[in-house]
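Summary of structural features
What follows is each chain in one-letter form.
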Amino acid sequence: MSSVRRRYEAATAHLQAPFAIVDLGALRANAADLVRRARGTPIRVASKSVRCRSLLREVLAMPGFSGIMAYTLDEALWLATDPGSADFATDVLVAYPTVDTDAIARLAATPEAAARITLMVDSVRHLDLITAAAPDPAAPVRVCLDIDTSWQPLGPAVRIGAHRSPIRTPQQAAALARAVVRRPGLRLDGLMAYEAQIAGVGDAPPGRPLYGAALRWVQHRSRRELARRRAAVVRAVREVADLRFVNGGGTGSLHTTSRERAVTEVAAGSGLYQPRLFDHYRSVDRRPAALFALPVVRRPAPGAATVLGGGYLASGTPDPSRLPQPHLPAGLRFSPSEGAGEVQTPLLGAVADTLAVGDLVWMRHAKAGELCEHFDRLHLVDGDRVVAAVPTYRGEGKTFL
């Protein structure tokens, strides 16, 4: 038995599986690695990758981290105004546009929240929606311009990157900025340009060296194009109004995005937990910090052990990369005919013969915060003991999607 597995099982011997843990030693080491790679640029924490207020507090207390990137306005309002988080959720950027007019009205009627929360926009329609929902705000509603970062080497017909904002050029960004400043109920606060094709795609896919080389070439060209365009966009918008922040990057691109003079902050979240989708980056050397334990409930055949549950699929393209991964003991794999099951999951491999009914298999989720949608609490392991059990968003009765 590996020393890590032995430590986890000793620490959690009193718990009834299934349960989820966060290894605080690994989390802190991962956070330090993110700070090192950001090279002094402040890191805004992506809450969708954490989904636990206790751990958001822990990370934001560390040097190098500042501000939260929320995923819905409802979540941002809760973080910024609830006594359980208002002390640290003082600068919350909502990463995606909202059409929740009730939440916009609450934001506009609450000066404390309006001073802490920034909404994302990428069209005049978003501005219209905000001003209609909040025609007479107690304080101007802060907004951030979202900029398209996709690489389009042959024009719009060839797009490499996420389908996000329609705002791409300096001229388009400046026009939207002028539309913001013409409205007294709004304040232009920042600009965001998230390069998903670089930050969220591992550049060293296992067993595919030629594809990896091609991917790195594409990412390099995309990075160069975006650095020039992002700087030009920022210059154009700053001619219209001042910007408090310019946000860019993600877990997989901190070391390059932080070099750009136009960028004042970067964002990261997944790298704290280090889910399996973030294993395949050449620049990354982090430890899995978030895991879940499933009990072996039967031994149906030699080389097979069946665990309870396990069908915790991640969002995204429906392929095997979205499955959780058997982590400890090493050497287990899914049955190709059954995969990860809703109620039970058979795992195959010679190491299964070392497992007995009641033993634990430690799994890793494919993505970071989505693990917390399956568990009410996270058991925090520090060294060889559980030091706390803290609620996830789900455990606090909060579902924001």
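Below is a short write-up of the structure. All figures in this text were calculated on a predicted structure; none of them were measured in a lab. Here the residue index of a chain counts from 1 through its sequence in written order. For a predicted model such as this one, the threshold for reporting local features is a pLDDT of at least 70, and the threshold for listing and counting side-chain atom pairs is 80 or more; totals across whole chains, interfaces and linings nevertheless cover every residue. No hydrogens and no water enter the side-chain calculation; it runs on all heavy atoms of the structure.

What about the environment of R259?
Under the convention used in this document: In this description a helix means any DSSP run of H or I spanning at least four residues, a strand means any run of E spanning at least two, and both kinds are numbered starting from the N terminus. For each residue, the accessible area found with a 1.4 Å probe, counting protein chains only, is set against the maximum for its type, and the residue is called buried under 20%, exposed over 50%, and partly exposed in between.
With respect to the secondary-structure elements, R259 resides in the loop between α11 (254-257) and β9 (265-268). You can call R259 exposed: its relative accessible area is 53%.

Considerations on unusual backbone geometry
In this chain, A17 is followed by P18 through a cis amide linkage whose omega measures 5°. Turning to its location among the elements, P18 is positioned in the loop between α1 (3-11) and β1 (19-23). In this model, L328 is joined to P329 through a cis peptide bond whose omega is 0°. As for its placement among the helices and strands, P329 is situated in the loop between β12 (325-328) and β13 (333-334). Located in the positive-phi region is R39, a residue other than glycine, with phi close to 55°. Among the secondary structure elements, R39 is positioned in the loop between α2 (24-38) and β2 (43-46). Given a relative accessible area of 51%, R39 falls into the exposed group. Within the chain, R51 stands out as a residue other than glycine whose phi angle is a positive 55°. For R51, the position within the fold is in the loop between β2 and α3 (53-60).

Thoughts on the pattern of salt bridges
Where we set the bar: Definition used for salt bridges: Asp or Glu carboxyl oxygen within 4 Å of a side-chain nitrogen of Lys or Arg.
A full pass over the atoms with the stated rule returns 29 salt bridges. The partner of D82 in a salt bridge is R53, with the nearest N and O atoms 2.9 Å apart. Of this pair, D82 sits in the loop between α4 (73-81) and β4 (92-94) while R53 sits in helix α3; the two residues are 29 residues apart in sequence, bridging distant segments of the chain. Owing to a relative accessible area of 24%, D82 belongs among the partly exposed residues under this scheme. Between R244 and D189 there is a salt bridge; the shortest N-O distance is 2.8 Å. Taken together, the positions of R244 in the loop between α10 (209-238) and β8 (245-248) and D189 in strand β7 (residues 186-193) put the pair 55 residues apart, joining distant regions of the chain. Residue D189 is classed as buried on the basis of its relative accessible area, which comes to 3%.

A few points about empty space enclosed by the protein
Worth spelling out the cut-off: Using a grid of 1 Å spacing that covers the protein atoms alone, one calls a set of points a cavity when a 1.4 Å probe fits there but cannot get out, and a pocket when the set is open and has protein on both sides within 12 Å along at least five of seven lines; lining residues are those with an atom within 4 Å of a point. Grid points are joined across faces, edges and corners, and a volume is the space filled by probe spheres set on the points. Each residue is assigned to one class: nonpolar for Ala, Val, Leu, Ile, Met, Phe, Trp, Tyr, Cys and Pro, charged for Asp, Glu, Lys and Arg, and polar for all the others, Gly among them.
Following the criterion strictly, the structure yields 1 cavity of 30 Å³ or more and no others. Quantified by volume, the largest cavity comes out at close to 40 Å³. Residue lining of the largest cavity: E195, I198, R223, L226, A227, R230, S253, T256, T257 and E260, and that is the complete set. Of all the secondary structure elements, the ones that give two or more residues to the lining of the largest cavity are α10 and α11. Across the lining of the largest cavity, the residue classes break down as 3 nonpolar, 3 polar and 4 charged.

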